[in-house]
Amino acid sequence: MYVTTDHALAAPATDPAAVAAELRDRTEILDALLRFGLGQDLHDRELFASSFTPDAELDFRPAAAAWGAEPPVMAGRDHIVTTILGMFADRVTTTHQVTNRSN
């Protein structure tokens, strides 16, 4: 997500219900992002899986293209979790950092 406007919320300040709904959505998105990173870092299958819906799709192709890889789109929470955690098991330790920097 990029900041492209001069205000934080798209919902009008005069509509408290819309503001609350947008803030809830943003909180849920941030929480899922944090569960993704921490679940992968801790190799915690349940925590990692909780960051996806059952019908989730994960597409690393744009990022992977930068280093010449062409991974397939992963579909389905169980497939994503098994694939990602399996790729790193006993091989790579990850440490995700969540910041507001783009570079």
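Residues numbered from 1 in each chain as written. Predicted model: local features only at pLDDT ≥ 70, side-chain atom pairs only at ≥ 80, totals over all residues. Heavy atoms only, no water.

A. Geometry of the packing of aromatic side chains. Inspection of every chain in the model, using the stated rule, returns three aromatic pairs. Ring centres of Phe 36 and Phe 48 lie 5.0 Å apart, and the angle between their planes is 50 degrees; this geometry places the pair in the tilted category. Of this pair, Phe 36 sits in helix 1 (residues 16–42) while Phe 48 sits in helix 2 (residues 45–49), and the two are 12 residues apart along the sequence. Just as Phe 36 is buried, Phe 48 falls in that class too. Taking the centre distance of 5.8 Å and the plane angle of 70 degrees together, the rings of Phe 36 and Phe 52 count as edge-to-face. (Phe/Tyr/Trp six-rings, centres within 6.5 Å; stacked < 30°, edge-to-face > 60°. Helix = DSSP H or I, 4+ residues; strand = E, 2+ residues; numbered from the N terminus. Buried < 20%, exposed > 50% of the residue type's maximum accessible area, 1.4 Å probe, protein only.)

B. Highlighting the side chain of Asp 41. Mapped onto the fold, Asp 41 is located in helix 1. No salt bridge is formed by the buried Asp 41, whose closest oppositely charged neighbour, Arg 35, lies at an N-O distance of 14 Å. Reaching out from Asp 41, the side chain makes a polar contact with the side chain of His 96 at a distance of 2.7 Å. Dropping the residues within four chain positions of it, Asp 41 is found in contact with Thr 94, Thr 95 and His 96. (Lys, Arg positive; Asp, Glu negative; His and termini not counted. Salt bridge = Lys/Arg side-chain N within 4 Å of Asp/Glu carboxyl O. Polar contact = N/O pair within 3.5 Å; in protein donor to acceptor, adjacent residues only side chain to side chain. Contact = heavy atoms within 4.5 Å.)

C. Expanded view of the nonpolar core. Counting residues in each nonpolar core, the largest one holds 12 residues, listed as Phe 36, Phe 48, Ala 49, Phe 52, Ala 56, Leu 58, Met 74, Ile 80, Val 81, Ile 84, Leu 85 and Phe 88. Contributions of two or more residues to this core are made by helix 2 and helix 4 (77–88). (Core = buried A, V, L, I, M, F, W, Y, C linked by side-chain atoms within 4.5 Å.)

D. Structural detail: the pattern of salt bridges. Scanning all chains against the criterion turns up four salt bridges. Between Glu 22 and Arg 26 there is a salt bridge, with its nearest N and O atoms 3.1 Å apart. Taken together, the residues span about one helical turn, with Glu 22 and Arg 26 both in helix 1 at a distance of four residues. The residue Glu 28 makes a salt bridge to Arg 24 at a minimum N-O spacing of 3.9 Å. Of the two residues, Glu 28 and Arg 24 are both situated in helix 1; the distance of four residues between them amounts to about one turn of the helix.

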